[in-house]
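# What the coordinates show
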Amino acid sequence: MTNQLSAGKKLLVAPLDWGLGHATRCIPVVKTLVANGCEVVLAASGPQAALLREAFPALEIIDLAGYGIVYSRRGGWWKIVSQLPKIAAAIRHEHQWLARLLQQRHFDAVISDNRYGLYTRHCRTVLITHQLQPALPAGWDWSLPLARRLFHRLIARFDECWIPDVADPKQGLSGELGHPEMMPSTHCRYVGWLTRFEPVATEPAAEPFVLALLSGPEPQRTVLEEKIAGQLANETMPVVLVRGLPQDASTLQLPLPHQAFNHLDSAALQKAMQQAAFVICRGGYSTLMDAFTLQKKLIMIPTLGQTEQQYLAQKLAANGTVIAVNQENFQLASIISAAEKKAFQIPAVPPNQLQQSVHAWLQILTTS
């Protein structure tokens, strides 16, 4: 039922362009806002805009430049560190972009998924992030208090922080990232897992297959694609490779019985995930929420240099939830064999908290 108090409220929703995950986890947020009578405008560009346009063809999408982050082909967190000035400039740019937009158009609130520049004093703002502190490279634990303080200063620019996880640290998927020793001063709201999927009955596959999901910035997306494709000639179990390229017209030919798709819409991807015997993925947080909602067995290959993915892979592998594999040592046949023998400890799906969280926030928005 539409919330009459929030009907007509105009909201801007903008995900980060660091892979597709920030856009996919905004999908349930936007659906919930629209169901509550809000008018939603989206801000994105490139593949993120294409994905959101597919999900919400009737909604306006304003072009908002991305950060354009790239990874080293060899990996290494130093590549990200070297781009910190570029990231800082992008944050300043999007802050100025929002100021200009608000001079021309009215919004009652701005909801940003990991875009730290989309704060303003002219309307209420929300930041969506599961990282209240960073995952640091090995040997850098001494700098955690300083790094956490920096994160908290950035988060403090927003009126609220929505954490896509449950509040109980023992049940939380994000571990120390979303449940730090010290919380930000900003009001934080745990909104549960944000996934675009709702499990439905699905016909079983005619024969077992592996689903490999590629995502994330280049050139590491291509590095993993080449590694998997190069090992398919002698693999008997079919592999379906989804390249994570919604705007790309190129094709990738694989030896039969394997298949490659540049992109699958949400319905087709959910069906493929539900039918797959195992899912190979980078292990971005949004992918984890999607996959565990569908109770899938995961083989994680964290992106080299992305400390957050490496932390999550180590944490989940340690408690038997996933198989974690170093990209440099990845051998498809041996990993599939190991997965067939493993008893995966897949976490239970927590109760859906999004509708309740959004309703409570809208009550504040309409009375403030």
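A few points on the structure. As the structure is a computational prediction, the values presented were derived from the model and not from experiment.

Each value, and the rule that gives it
Residues numbered from 1 in each chain as written. Predicted model: local features only at pLDDT ≥ 70, side-chain atom pairs only at ≥ 80, totals over all residues. Heavy atoms only, no water. Phe/Tyr/Trp six-rings, centres within 6.5 Å; stacked < 30°, edge-to-face > 60°. Lys NZ or Arg CZ within 6 Å of the ring centre and 35° of its normal. Helix = DSSP H or I, 4+ residues; strand = E, 2+ residues; numbered from the N terminus. Buried < 20%, exposed > 50% of the residue type's maximum accessible area, 1.4 Å probe, protein only. Disulfide = S-S within 2.5 Å. Pairing = 2+ DSSP bridges. Contact = heavy atoms within 4.5 Å. Axes fitted to C-alpha atoms, helices over the stretch in contact; angles between N-to-C directions. Salt bridge = Lys/Arg side-chain N within 4 Å of Asp/Glu carboxyl O.

### Remarks on the packing of aromatic side chains
In this description, a pair of aromatic rings is defined by centroid distance and the angle of the planes. Under the definition given, this model contains four aromatic pairs. One Lys or Arg, lysine 342, reaches over the ring of phenylalanine 344 and ends 5.6 Å from the middle of that ring.

### Considering the side chain of aspartate 108
Mapped onto the elements, aspartate 108 comes out in the loop between α5 (84-104) and β4 (109-113). Residue aspartate 108 is classed as buried on the basis of its relative accessible area of 18%.

### As for the state of the cysteines
Evaluation of the coordinates by the stated rule reveals zero disulfides. Residue cysteine 26 stays outside any disulfide, its sulfur separated by 13 Å from that of cysteine 161, the closest cysteine. Here cysteine 26 falls in the buried class, since its relative accessible area comes to 1%.

### Quick look at the pairing of β4
Along β4, five of the five residues are buried, which leaves the element largely enclosed by surrounding structure. Along β4, one buried face is formed by Ala109, Ile111 and Asp113 and the opposite face, lined by Val110 and Ser112, is buried too. The pairing of β4 with strand β5 (residues 124-128) spans five bridges and is parallel. When the sheet's bridge partners are listed, isoleucine 111 is paired in β5 with valine 126.

### Details of the sheet that holds strand β9 (residues 239-242)
If you trace the six strands from one edge of the open sheet to the other, you get β10-β9-β8-β11-β12-β13, paired in parallel fashion. Taken across any chain shown, the strands that pair with only one partner, and hence form the sheet edges, are β10 (259-261) and β13 (323-324). Bridge analysis of strand β8 (residues 210-213) against strand β11 (residues 278-281) gives three bridges, and the strand direction is parallel. Residue pairing across strands places leucine 211 opposite valine 279, the latter belonging to β11. Lying on the sheet, helix α9 (residues 285-293) is in contact with β8, β11 and β12 (298-300); it crosses β12 at an angle near 165 degrees.

### Remarks on the pattern of salt bridges
For the coordinates displayed, the defined rule picks out nine salt bridges. The shortest N-O distance in the salt bridge between glutamate 94 and arginine 115 comes to 2.8 Å. A residue pair is termed long-range when its members are at least 10 positions apart, and glutamate 94 in helix α5 and arginine 115 in the loop between β4 and β5 qualify at 21 residues. What emerges from the salt-bridge pattern is a single network uniting Arg221, Glu225 and Arg243.

### So, unusual backbone geometry
Note the cis peptide between leucine 256 and proline 257, where omega equals 10 degrees. Structurally, proline 257 can be placed in the loop between β9 and β10. At asparagine 114, a residue that is not glycine, the phi angle is positive and equals roughly 65 degrees. Relative to the elements of secondary structure, asparagine 114 occurs in the loop between β4 and β5. In this structure, glutamine 295 takes a positive phi of about 60 degrees despite not being glycine. Considering the arrangement of structural elements, one finds glutamine 295 in the loop between α9 and β12.

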